[in-house]
Amino acid sequence: MIRLRGVGKTYDDGTVAVQDLDLDVARGELVCLVGPSGCGKSTTLKMVNRLIEPTSGTIEIDGEDVTRQDPVQLRRRIGYVIQQVGLFPHQKVVDNVMTVPTLQGVPRAKARERARDLLELVGLDPARYAGRYPHQLSGGQQQRVGVARALAGDPAVLLMDEPFGAVDPVVRLRLQDEFLRLQDEVGVTVVLVTHDIDEAVRLGDRVAVFAGGGRLAQFDTPARLLGR
Ligand code: ADP
Ligand code: ADP
(Lines give C-alpha, C1' and ligand atoms only; values in the text may rest on other atoms or scores of the structure.)
(Ligands and ions follow the chains in the order given, each with its own letter.)
Protein backbone atom coordinates (compact mmCIF):
# COMPACT_ATOMS: atom_id res chain seq x y z
CA MET A 1 0.00 0.00 0.00
CA ILE A 2 2.69 2.47 1.07
CA ARG A 3 6.23 1.83 -0.04
CA LEU A 4 9.30 3.92 0.79
CA ARG A 5 12.61 3.10 -0.85
CA GLY A 6 15.91 4.76 -0.01
CA VAL A 7 14.10 7.83 1.28
CA GLY A 8 16.22 10.63 2.69
CA LYS A 9 15.62 14.19 3.80
CA THR A 10 18.31 16.77 4.39
CA TYR A 11 16.91 20.20 5.33
CA ASP A 12 18.27 23.36 3.72
CA ASP A 13 20.38 24.10 6.80
CA GLY A 14 22.15 20.75 6.38
CA THR A 15 20.24 18.86 9.07
CA VAL A 16 19.99 15.20 8.08
CA ALA A 17 16.51 14.26 9.31
CA VAL A 18 15.97 10.93 7.53
CA GLN A 19 18.48 8.60 5.87
CA ASP A 20 18.11 5.73 3.44
CA LEU A 21 14.71 4.65 4.71
CA ASP A 22 12.93 1.54 3.40
CA LEU A 23 9.45 0.98 4.78
CA ASP A 24 6.39 -0.98 3.63
CA VAL A 25 2.90 -0.64 5.04
CA ALA A 26 0.30 -3.18 3.96
CA ARG A 27 -3.34 -2.34 3.27
CA GLY A 28 -5.29 -2.13 6.51
CA GLU A 29 -2.13 -2.27 8.58
CA LEU A 30 -1.34 0.07 11.48
CA VAL A 31 2.36 0.88 11.60
CA CYS A 32 3.80 2.97 14.42
CA LEU A 33 6.94 5.05 13.97
CA VAL A 34 8.64 5.38 17.33
CA GLY A 35 11.88 6.83 18.64
CA PRO A 36 13.30 9.76 20.58
CA SER A 37 12.51 13.37 19.76
CA GLY A 38 14.28 14.60 16.63
CA CYS A 39 14.88 11.18 15.06
CA GLY A 40 12.91 11.98 11.90
CA LYS A 41 9.46 10.51 12.57
CA SER A 42 7.41 13.60 11.70
CA THR A 43 9.56 14.35 8.69
CA THR A 44 8.88 10.83 7.41
CA LEU A 45 5.14 11.23 7.87
CA LYS A 46 5.06 14.62 6.15
CA MET A 47 6.94 13.26 3.16
CA VAL A 48 4.11 10.77 2.58
CA ASN A 49 1.53 13.54 2.09
CA ARG A 50 4.10 15.89 0.56
CA LEU A 51 4.07 18.56 3.21
CA ILE A 52 7.82 17.97 2.86
CA GLU A 53 9.65 16.87 -0.30
CA PRO A 54 12.22 14.09 0.10
CA THR A 55 15.77 14.83 -1.06
CA SER A 56 16.26 11.23 -2.19
CA GLY A 57 14.40 8.00 -2.75
CA THR A 58 10.85 7.16 -3.81
CA ILE A 59 7.49 7.04 -2.04
CA GLU A 60 4.61 5.14 -3.57
CA ILE A 61 0.99 4.74 -2.55
CA ASP A 62 -0.80 1.94 -4.39
CA GLY A 63 2.08 1.77 -6.83
CA GLU A 64 1.88 5.47 -7.72
CA ASP A 65 4.81 7.78 -7.08
CA VAL A 66 3.48 10.52 -4.79
CA THR A 67 5.85 13.13 -6.27
CA ARG A 68 4.07 12.74 -9.62
CA GLN A 69 0.68 13.54 -8.10
CA ASP A 70 -0.95 16.87 -7.51
CA PRO A 71 -0.38 17.55 -3.78
CA VAL A 72 -3.92 18.84 -3.27
CA GLN A 73 -5.46 15.75 -4.85
CA LEU A 74 -3.05 13.56 -2.91
CA ARG A 75 -3.96 15.11 0.44
CA ARG A 76 -7.64 14.53 -0.19
CA ARG A 77 -6.90 10.81 -0.24
CA ILE A 78 -4.82 11.00 2.92
CA GLY A 79 -6.25 11.82 6.33
CA TYR A 80 -3.90 13.72 8.62
CA VAL A 81 -4.33 14.02 12.38
CA ILE A 82 -1.88 15.97 14.51
CA GLN A 83 -1.60 16.70 18.21
CA GLN A 84 -2.98 20.22 17.82
CA VAL A 85 -6.15 19.17 16.04
CA GLY A 86 -6.70 22.57 14.45
CA LEU A 87 -10.48 22.53 14.25
CA PHE A 88 -12.04 25.64 12.75
CA PRO A 89 -13.08 27.55 15.88
CA HIS A 90 -16.04 29.36 14.31
CA GLN A 91 -17.58 26.25 12.81
CA LYS A 92 -19.76 23.79 14.63
CA VAL A 93 -18.43 20.28 15.16
CA VAL A 94 -20.58 18.85 12.37
CA ASP A 95 -19.36 21.51 9.91
CA ASN A 96 -15.75 20.83 10.84
CA VAL A 97 -16.27 17.16 9.98
CA MET A 98 -18.05 18.00 6.70
CA THR A 99 -15.29 20.21 5.31
CA VAL A 100 -13.57 17.69 3.04
CA PRO A 101 -16.64 15.90 1.61
CA THR A 102 -18.20 19.29 0.87
CA LEU A 103 -15.03 20.36 -0.98
CA GLN A 104 -15.22 17.08 -2.87
CA GLY A 105 -18.69 18.04 -4.07
CA VAL A 106 -20.74 15.73 -1.87
CA PRO A 107 -24.23 17.30 -1.46
CA ARG A 108 -24.53 19.04 1.90
CA ALA A 109 -27.36 16.91 3.26
CA LYS A 110 -25.45 13.75 2.48
CA ALA A 111 -22.19 15.13 3.91
CA ARG A 112 -24.03 16.13 7.08
CA GLU A 113 -25.51 12.67 7.48
CA ARG A 114 -22.09 11.10 7.01
CA ALA A 115 -20.55 13.54 9.50
CA ARG A 116 -23.08 12.51 12.11
CA ASP A 117 -22.33 8.83 11.49
CA LEU A 118 -18.63 9.52 11.90
CA LEU A 119 -19.20 11.39 15.15
CA GLU A 120 -21.09 8.35 16.40
CA LEU A 121 -18.21 6.15 15.25
CA VAL A 122 -15.63 8.12 17.25
CA GLY A 123 -17.83 8.00 20.32
CA LEU A 124 -19.43 11.44 20.25
CA ASP A 125 -23.22 11.37 20.37
CA PRO A 126 -24.19 13.61 17.42
CA ALA A 127 -27.44 14.68 19.09
CA ARG A 128 -25.32 16.18 21.85
CA TYR A 129 -22.12 17.32 20.17
CA ALA A 130 -22.78 18.03 16.47
CA GLY A 131 -24.01 21.57 17.16
CA ARG A 132 -21.30 22.56 19.61
CA TYR A 133 -18.29 24.69 18.85
CA PRO A 134 -14.78 23.26 19.38
CA HIS A 135 -14.14 25.34 22.52
CA GLN A 136 -17.15 23.66 24.13
CA LEU A 137 -15.42 20.29 23.98
CA SER A 138 -12.71 18.75 26.13
CA GLY A 139 -9.28 18.05 24.63
CA GLY A 140 -10.12 14.38 24.22
CA GLN A 141 -13.37 15.19 22.47
CA GLN A 142 -11.67 17.65 20.11
CA GLN A 143 -9.21 14.91 19.22
CA ARG A 144 -12.12 12.61 18.37
CA VAL A 145 -13.57 15.29 16.10
CA GLY A 146 -10.15 15.52 14.44
CA VAL A 147 -10.23 11.78 13.75
CA ALA A 148 -13.80 11.98 12.41
CA ARG A 149 -12.81 14.85 10.14
CA ALA A 150 -9.80 12.93 8.85
CA LEU A 151 -12.02 9.93 8.05
CA ALA A 152 -14.68 12.01 6.33
CA GLY A 153 -12.98 12.00 2.95
CA ASP A 154 -12.81 8.17 3.03
CA PRO A 155 -9.04 8.32 2.93
CA ALA A 156 -7.02 5.36 1.73
CA VAL A 157 -4.40 6.29 4.31
CA LEU A 158 -4.54 7.94 7.69
CA LEU A 159 -1.37 9.66 8.95
CA MET A 160 -1.34 10.49 12.66
CA ASP A 161 1.34 12.50 14.44
CA GLU A 162 1.21 12.10 18.24
CA PRO A 163 -2.61 12.05 18.01
CA PHE A 164 -3.08 11.23 21.68
CA GLY A 165 -0.19 13.34 22.96
CA ALA A 166 -2.18 16.31 24.23
CA VAL A 167 -4.58 14.45 26.53
CA ASP A 168 -4.04 13.13 30.02
CA PRO A 169 -2.86 9.52 30.48
CA VAL A 170 -6.25 8.06 31.44
CA VAL A 171 -8.05 9.65 28.50
CA ARG A 172 -5.17 8.57 26.27
CA LEU A 173 -5.64 4.90 27.15
CA ARG A 174 -9.34 5.16 26.39
CA LEU A 175 -8.76 6.92 23.08
CA GLN A 176 -6.15 4.31 22.11
CA ASP A 177 -8.59 1.47 22.79
CA GLU A 178 -11.36 3.17 20.91
CA PHE A 179 -9.10 3.99 18.04
CA LEU A 180 -8.06 0.34 17.70
CA ARG A 181 -11.69 -0.73 17.53
CA LEU A 182 -12.49 1.99 15.03
CA GLN A 183 -9.53 1.15 12.80
CA ASP A 184 -10.61 -2.48 12.80
CA GLU A 185 -14.09 -1.45 11.72
CA VAL A 186 -13.06 1.08 9.05
CA GLY A 187 -10.08 -0.96 7.84
CA VAL A 188 -8.07 2.16 6.98
CA THR A 189 -4.28 1.94 6.60
CA VAL A 190 -2.57 3.94 9.35
CA VAL A 191 0.90 5.32 9.98
CA LEU A 192 1.11 6.71 13.50
CA VAL A 193 4.01 8.65 15.00
CA THR A 194 4.66 8.50 18.73
CA HIS A 195 7.63 8.94 21.06
CA ASP A 196 5.95 6.54 23.50
CA ILE A 197 7.16 2.97 23.00
CA ASP A 198 4.28 1.61 25.12
CA GLU A 199 1.80 3.30 22.80
CA ALA A 200 3.62 1.97 19.73
CA VAL A 201 3.61 -1.60 21.03
CA ARG A 202 -0.02 -1.35 22.12
CA LEU A 203 -1.33 0.00 18.83
CA GLY A 204 1.00 -1.15 16.08
CA ASP A 205 0.59 -4.24 13.92
CA ARG A 206 4.23 -3.46 13.28
CA VAL A 207 6.57 -0.95 14.85
CA ALA A 208 9.35 0.96 13.10
CA VAL A 209 11.97 1.96 15.65
CA PHE A 210 13.99 5.00 14.58
CA ALA A 211 17.46 5.64 15.91
CA GLY A 212 19.43 8.89 15.97
CA GLY A 213 20.26 10.46 12.61
CA GLY A 214 16.99 9.41 11.04
CA ARG A 215 17.90 5.78 10.52
CA LEU A 216 15.55 2.85 10.92
CA ALA A 217 16.93 0.53 13.62
CA GLN A 218 14.20 -2.12 13.68
CA PHE A 219 10.92 -2.85 11.93
CA ASP A 220 8.92 -5.75 13.28
CA THR A 221 5.81 -6.90 15.12
CA PRO A 222 5.51 -5.87 18.78
CA ALA A 223 5.79 -9.53 19.83
CA ARG A 224 9.08 -10.01 18.03
CA LEU A 225 10.46 -6.65 19.16
CA LEU A 226 9.73 -7.62 22.74
CA GLY A 227 11.24 -11.06 22.18
CA ARG A 228 8.00 -12.95 22.82
P1 ADP B 1 10.72 13.70 15.29
O2 ADP B 1 9.38 13.76 14.65
O3 ADP B 1 11.26 12.31 15.39
O4 ADP B 1 10.79 14.42 16.61
P5 ADP B 1 11.52 15.48 13.14
O6 ADP B 1 11.23 14.74 11.90
O7 ADP B 1 10.57 16.53 13.59
O8 ADP B 1 11.76 14.43 14.32
O9 ADP B 1 12.96 16.16 13.02
C10 ADP B 1 14.10 15.43 12.58
C11 ADP B 1 15.30 16.36 12.58
O12 ADP B 1 15.12 17.37 11.59
C13 ADP B 1 15.55 17.11 13.89
O14 ADP B 1 16.93 17.24 14.07
C15 ADP B 1 14.88 18.45 13.64
O16 ADP B 1 15.50 19.44 14.44
C17 ADP B 1 15.16 18.66 12.18
N18 ADP B 1 14.16 19.51 11.51
C19 ADP B 1 12.81 19.33 11.49
N20 ADP B 1 12.22 20.26 10.73
C21 ADP B 1 13.21 21.06 10.26
C22 ADP B 1 13.26 22.21 9.39
N23 ADP B 1 12.15 22.72 8.87
N24 ADP B 1 14.46 22.75 9.13
C25 ADP B 1 15.60 22.22 9.64
N26 ADP B 1 15.64 21.15 10.44
C27 ADP B 1 14.46 20.57 10.74
P1 ADP C 1 -12.50 13.90 28.06
O2 ADP C 1 -12.39 12.72 28.97
O3 ADP C 1 -13.13 13.49 26.74
O4 ADP C 1 -11.22 14.67 27.86
P5 ADP C 1 -13.38 15.83 30.04
O6 ADP C 1 -13.31 14.99 31.27
O7 ADP C 1 -12.32 16.83 29.82
O8 ADP C 1 -13.57 14.86 28.76
O9 ADP C 1 -14.78 16.59 29.98
C10 ADP C 1 -15.93 16.04 30.62
C11 ADP C 1 -17.20 16.70 30.13
O12 ADP C 1 -17.13 18.14 30.25
C13 ADP C 1 -17.47 16.41 28.69
O14 ADP C 1 -18.80 15.90 28.57
C15 ADP C 1 -17.35 17.73 27.97
O16 ADP C 1 -18.32 17.87 26.96
C17 ADP C 1 -17.59 18.73 29.06
N18 ADP C 1 -16.78 19.95 28.78
C19 ADP C 1 -15.43 20.06 28.82
N20 ADP C 1 -15.04 21.31 28.52
C21 ADP C 1 -16.18 22.01 28.26
C22 ADP C 1 -16.47 23.36 27.87
N23 ADP C 1 -15.51 24.27 27.67
N24 ADP C 1 -17.78 23.73 27.67
C25 ADP C 1 -18.76 22.81 27.84
N26 ADP C 1 -18.56 21.53 28.22
C27 ADP C 1 -17.29 21.14 28.43
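All of these numbers come straight from a predicted model, not from anything done at the bench. (Residues numbered from 1 in each chain as written. Chains lettered and ligands numbered in written order. Predicted model: local features only at pLDDT ≥ 70, side-chain atom pairs only at ≥ 80, totals over all residues. Heavy atoms only, no water.)

A. View of the site of ligand 2. As a matter of local geometry, ligand 2 sits amid Tyr129, Arg132, His135, Gln136, Ser138, Gly140, Gln141, Val171 and Arg174. One of the side-chain N or O atoms of Tyr129 is found 3.4 Å from an oxygen atom in ligand 2. Residue His135 places a main-chain N or O atom 3.0 Å away from a nitrogen atom belonging to ligand 2. Burial of ligand 2 by the surrounding chains reaches 50%, relative to a free accessible area of 560 Å². Put simply, the parts of the chain that give the shell around ligand 2 at least two residues each are helix H6 (139-151) and helix H7 (169-186). Considering only residue class, the shell around ligand 2 consists of two nonpolar, five polar and two charged. (Near = heavy atom within 4 Å. Polar contact = N/O pair within 3.5 Å; in protein donor to acceptor, adjacent residues only side chain to side chain. Areas by Shrake-Rupley, 256 points an atom, 1.4 Å probe, with all protein chains shown as cover. Helix = DSSP H or I, 4+ residues; strand = E, 2+ residues; numbered from the N terminus. Nonpolar A, V, L, I, M, F, W, Y, C, P; charged D, E, K, R; others polar.)

B. Representation of the sheet that holds strand E3 (residues 30-34). Taken in spatial order, the six strands of this open sheet run E6-E7-E8-E3-E9-E10, and their pairing is mixed. Each edge of the open sheet is held by one strand with a lone partner, namely strand E6 (78-82) and strand E10 (215-220). Looking at each pair of strands side by side, their axes are set apart by 15 degrees on average, direction ignored. Where strand E7 (residues 157-161) meets strand E8 (residues 189-194), five bridges bridge the pair, whose relative direction is parallel. Looking across to E8, one finds that Val157 is bridged to Thr189. Set on the sheet, H7 makes contact with E3, E7 and E8; between it and E3 the angle comes to about 140 degrees. (Pairing = 2+ DSSP bridges. Axes fitted to C-alpha atoms, helices over the stretch in contact; angles between N-to-C directions. Contact = heavy atoms within 4.5 Å.)

C. Structural detail: the pairing of E10. Bridging between strand E9 (residues 206-211) and E10 involves five bridges; their strand directions are antiparallel. Following the sheet pairing, Phe210 is matched in E10 by Leu216. Adjacent in sequence and paired antiparallel, E9 and E10 are bridged by three residues, among which Gly213 carries a positive phi angle near 75 degrees.

D. Here's a closer look at the site of ligand 1. Taken together, the neighbourhood of ligand 1 is formed by Tyr11, Asp13, Thr15, Ala17, Pro36, Ser37, Gly38, Cys39, Gly40, Lys41, Ser42 and Thr43. Note that an oxygen atom of ligand 1 is positioned 2.7 Å from one of the backbone N or O atoms of Gly38. Note that an oxygen atom of ligand 1 is positioned 2.5 Å from one of the side-chain N or O atoms of Thr43. Protein chains bury 61% of the 560 Å² of accessible surface belonging to ligand 1 in isolation. Here the residues of the shell around ligand 1 are counted per class, giving four nonpolar, six polar and two charged.

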